[in-house]
Amino acid sequence: MICDILVIGAGPAGLTAALHAASAGAKTAILAKGIGTTHWAAGWVDILGYWPPGSPQPVRDPRAAVGALASALPGHPYARAGLRALDEALLAFQRAATAEGIPYAGSLDRNLLATTPSGSRRPTCLVPHAMLEGTRVAAGRTLIVGIGGLRDFYGAYIAANLRAQGCEADRAIVEVPAIRARNPQTTATLAAMLEDRPVRDELIRAVIPVARGFDRIGFPAVLGMNRHREVVDEVGKALGSAVFEIPTLPPSVPGIRLFEALRRRLAALGVRVIIGSEVVQRFAEGNRLLGIGSEAAARTQRQTAGAFILATGGILGGGIVAGADGAVREAALGLPVHAPVARGAWFSPQALAHQGHPIFQSGVLVNERMQPVGPRGDVAFRNVYAAGAVLAGADEWREKSHEGVALATGYRAAQAATERTRPAAQADAEASR
């Protein structure tokens, strides 16, 4: 395969980078060992939930908080990418999601408080429209509905925790014979079943008797997969009440919807997406990466590009790994890694330490163009860029900044990569005339 830009990784950072690179006219492809965090994350977009570190109060204005964070921590990925890249990336994300039928609500100026599977209210920046009503549970009466046979969704627990926070909430479990008969093993299977009208009508008939007097009805996030908006609209109309979804344990149906929506968008832009192919070799000349070798049936397949964007994830995603000798390394290209010097410094003495654990901030250092650099600031490969959780300096799950870092750095990396490849692409175009 030969392309202008090869993105390694198919999580939020890789998808964002590919979307922007292809939109800018670069011939782009994605190569990934597996699907990224979309399939186990909630489906919303975190920018910054808590700041400064250890603060018990959720961030109200993520734009202002990101600016303060970037000033305080110049090595943080937000400081490298810049607030402008975050702003533009969010706008591009919302346009793409809306165009593919899953619009998101919210803005960079105010965090929402979304209802979680534990009944807590969690700060996040953007939510799918189907979760928006769940940010309003502080007012009016809310019913949480569980579906008989669906495991790992605890409506009573959610309602009790909402009540403990001063919300007026109750719960009910409904039996739907068609669902019981088919015994779906995953939330993804149940979501697909509810696109079947007879099954959906059975669910509606089961909920109507318990829904009277409530201002909104919360369901597990299984209201359709490919025809999600149709299912949500019909259920809400039939119940005469606002309905909303609450994330479940993985697989995440909202995350799958988002991944498939972005993949459709990429396909429309001509981006080839290859899942299930691990990088096992690199080909370099001086400080230029010529290509990578990826696993294929009975052989290694060489992939060549003008520029490469590394978006393989961090210590929890397999992009950064620790060996038996205690060394921490970058898995795909062997780039320099910033990490604690000794194994004994990986973790804080307390499991729930407010400052987090140093190992989770391990990753690749980059300059302002998102090019990986060594300890002295020297560029590792002048045509390689990095984005997302593979970067050093952020504890994304503690900060609640995972998607924001992915979008901002993926967008900025694609900007820099396309600036590099554009002259070559223009020369090719002129030569073909």
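My aim in this report is to walk through the structure given alongside it, one point at a time. Given the structure is predicted, the values throughout are model-derived calculations rather than measurements.

**Points about the pattern of salt bridges**
Within the structure shown, the criterion is met by 22 salt bridges. Measuring nitrogen to oxygen at the nearest pair gives 2.7 Å for the salt bridge that ties D87 to R63. Taken together, the residues D87 in helix α4 (residues 83-99) and R63 in helix α2 (residues 62-72) connect sequence positions 24 residues apart. Taking the relative accessible area as the measure of exposure, D87 reaches 31% and is therefore partly exposed. Measuring nitrogen to oxygen at the nearest pair gives 2.9 Å for the salt bridge that ties E234 to R200. On the criterion of sequence distance, the pair formed by E234 in helix α10 (residues 228-239) and R200 in helix α9 (residues 197-211) is long-range, its members being 34 residues apart. For E234, a relative accessible area of 23% corresponds to the partly exposed category.

**Some points on the sheet that holds strand β10 (residues 242-246)**
Strand order in the open sheet formed by four strands is β8-β7-β9-β10, with parallel pairing between adjacent strands. Two strands close off the open sheet at either side, each with one partner strand: β8 (168-174) and β10. Strand-to-strand, the axes of this sheet are offset by a mean angle of 25°, without reference to chain direction. With seven bridges connecting them, strand β7 (residues 141-147) and β8 associate as parallel partners. By the bridge assignment, T142 is partnered in β8 with A169. On top of the sheet, α9 reaches β7, β8 and β9 (216-220); it is set at about 140° to β8, its chief contact. Packing against the sheet, α10 makes contact with β9 and β10, and its axis sits at approximately 135° to β10.

**A few points about helix α11 (residues 253-268)**
Helix length check: α11, at 16 residues, gives a terminal C-alpha distance of 23 Å against a target of 22 Å (1.5 Å per residue), a fit within 8%. For α11, the set of buried residues is V253, P254, G255, I256, R257, L258, F259, A261, L262 and L266. For α11, the N-terminal cap is S252; the gap from its side-chain oxygen to the backbone nitrogen of G255 is 3.0 Å. Looking at the residues trailing α11, positive phi occurs at G270, about 85°.

Basis of the calculations
Residues numbered from 1 in each chain as written. Predicted model: local features only at pLDDT ≥ 70, side-chain atom pairs only at ≥ 80, totals over all residues. Heavy atoms only, no water. Salt bridge = Lys/Arg side-chain N within 4 Å of Asp/Glu carboxyl O. Helix = DSSP H or I, 4+ residues; strand = E, 2+ residues; numbered from the N terminus. Buried < 20%, exposed > 50% of the residue type's maximum accessible area, 1.4 Å probe, protein only. Pairing = 2+ DSSP bridges. Axes fitted to C-alpha atoms, helices over the stretch in contact; angles between N-to-C directions. Contact = heavy atoms within 4.5 Å. Expected span 1.5 Å × (residues − 1). Polar contact = N/O pair within 3.5 Å; in protein donor to acceptor, adjacent residues only side chain to side chain.

These figures capture arrangement, not role.
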